[in-house]
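Listed below, chain by chain, are the residues.
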Amino acid sequence: MSLLEVRNLTVRFPIRGRGLFARPRGAIHAVEDVSFSLERGGALGLVGESGSGKSTTARAIVGLVRPTSGSVKLDGTELTTLSERERRPWRRRVQMVFQDPTGSLDPRLTVGAIVAEPLAIQGVGTRKDRRARAAALLESVGLDATALERYPHEFSGGQRQRIGIARALALEPELLVLDEPVSALDVSVQASVVNLLAELRARLGLSYLFIAHDLAVVRHVCERVAVMYLGRIVEEGPREELFARPRHPYTQALLSAVPVPDPHAEVSRSRIVLAGDPPSPAKPPSGCAFHPRCSQRHLVSADRCQVEVPSLRTTPGSPSLSACFLESGRPSRPS
């Protein structure tokens, strides 16, 4: 059994008119029919442009956003139907590391209080025990225990993210949901934080749902990668397969934008430039959401891309799944 099972997850936010009692006049389609699984001890990368629904998916999994429909199961237990009180024990098993280390740490609390706060909320140990645990956690992420009495503003961005990671590890979770944990950091600091995450995963046996727009970081951390576009997963597969032989036109465009360290290869290689901007999630296009920007839609007969929504399917001769009519195969996801 997989540790995490997400099936047909949909999240929509109502668009309300002016006035206190105004009725909704539409909805933001943030996440649409997303399904994936994560094995115990595995790492799945979720990538895509800004606004593709990655962070909303993460927040729905940890319970910060209420799904409109769909299922989120942890170890076979459905989380979306639990009350806040029933969900509290399960929160110990799933923790989140946020994108902005400054905004996610309370500036009024000392670092010791921040790291020990999850333990206090869950009623774990005495105050002395929690302080000792906080000190050990800070040391495990490369910070000195003397940081306990200092405040977040006294640390650099990379150090603040390490504090956020220490807080997430306080309750010994099985799954970490990492929402772009290095995108707000300087490039020189990103590598050290990524290496720390890889080391913690190996040492503690953690599972990662790693959200990022930096494909190089995802390739370093994750064994499987899922690509999102306008709220839907359009391709999913093993890391090496997806990077070597991308199936979906959107994935191909994303990978073509990744710089190559060889200057001669960089000059000679072709770049796929997408036409226009991503459509608004308030008015998603009919059929395949990517079809207005796809340079290959003319290869599909009778404008099929404009009227049908492609399902995520296996592709011939590949372990990857692709939601594109250019690829044929049998459906691989339960509906």
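About the thresholds
Residues numbered from 1 in each chain as written. Predicted model: local features only at pLDDT ≥ 70, side-chain atom pairs only at ≥ 80, totals over all residues. Heavy atoms only, no water. Axes fitted to C-alpha atoms, helices over the stretch in contact; angles between N-to-C directions. Helix = DSSP H or I, 4+ residues; strand = E, 2+ residues; numbered from the N terminus. Parallel < 35°, antiparallel > 145°, perpendicular 65-115°, else oblique. Left-handed = near helix turned anticlockwise from the far one by under 90°. Contact = heavy atoms within 4.5 Å. Nonpolar A, V, L, I, M, F, W, Y, C, P; charged D, E, K, R; others polar. Pairing = 2+ DSSP bridges. Salt bridge = Lys/Arg side-chain N within 4 Å of Asp/Glu carboxyl O. Disulfide = S-S within 2.5 Å. Phe/Tyr/Trp six-rings, centres within 6.5 Å; stacked < 30°, edge-to-face > 60°. Buried < 20%, exposed > 50% of the residue type's maximum accessible area, 1.4 Å probe, protein only.

A.B. asks: Tell me about the packing of helix α5 (residues 157-169) against helix α6 (residues 187-204), residues and numbers included.
C.D. replies: Running from N to C, α5 and α6 point in directions that differ by 20 degrees, and their axes come no closer than 10 Å. Relative to α6, the element α5 lies roughly parallel. When you trace α5 past α6, the crossing you get is right-handed. Taking contact as the criterion, the partners of Gly-158, Gln-161, Arg-162, Ile-165 and Leu-169 in α5 are, on α6, Val-189, Ser-192, Val-193, Leu-196, Leu-197, Leu-200 and Leu-204. Here the residues of the contact of α5 with α6 sort into 8 nonpolar, 3 polar and 1 charged.

A.B. asks: Can you tell me about the sheet that holds strand β5 (residues 77-78), naming the residues and giving the values?
C.D. replies: Read across the open sheet, the 4 strands follow the order β2-β1-β4-β5; overall the sheet is antiparallel. The open sheet has two edge strands with one neighbour each: β2 (24-38) and β5. Where strand β1 (residues 4-16) meets β2, 9 bridges bridge the pair, whose relative direction is antiparallel. In the sheet register, Arg-16 faces β2, and the bridge partner there is Pro-24. Packing of helix α1 (residues 54-62) onto the sheet brings it into contact with β1, β2 and β4 (69-74), and relative to β1 it is tilted by some 110 degrees.

A.B. asks: Explain the pattern of salt bridges residue by residue, including any values.
C.D. replies: The full count for this structure, using the stated rule, is 21 salt bridges. In this structure, Arg-245 engages Glu-241 in a salt bridge whose closest nitrogen and oxygen atoms are separated by 2.9 Å. Taken together, the shared-partner salt bridges in this structure form one network comprising Arg-40, Asp-75, Arg-93 and Glu-174.

A.B. asks: Run through the state of the cysteines, naming residues and quoting values.
C.D. replies: The final tally for this structure, using the stated rule, is 0 disulfides. In this model Cys-288 remains outside any disulfide bridge; the closest cysteine sulfur is found in Cys-305, 5.9 Å from its own.

A.B. asks: Can you explain the packing of aromatic side chains? Please cite residues and give values.
C.D. replies: Here the structure, examined in full by the defined rule, presents 3 aromatic pairs. Judged by centre distance (5.1 Å) and plane angle (85 degrees), the rings of Tyr-229 and Phe-290 are edge-to-face. Here Tyr-229 is found in strand β9 (residues 224-229), whereas its partner Phe-290 is found in the loop between α10 (263-268) and α11 (304-307), with 61 residues between them in sequence. Here Tyr-229 and Phe-290 have matching classes, each one buried. Grouped by ring-pair contacts, the aromatic residues Tyr-229, Tyr-250 and Phe-290 constitute a single cluster.

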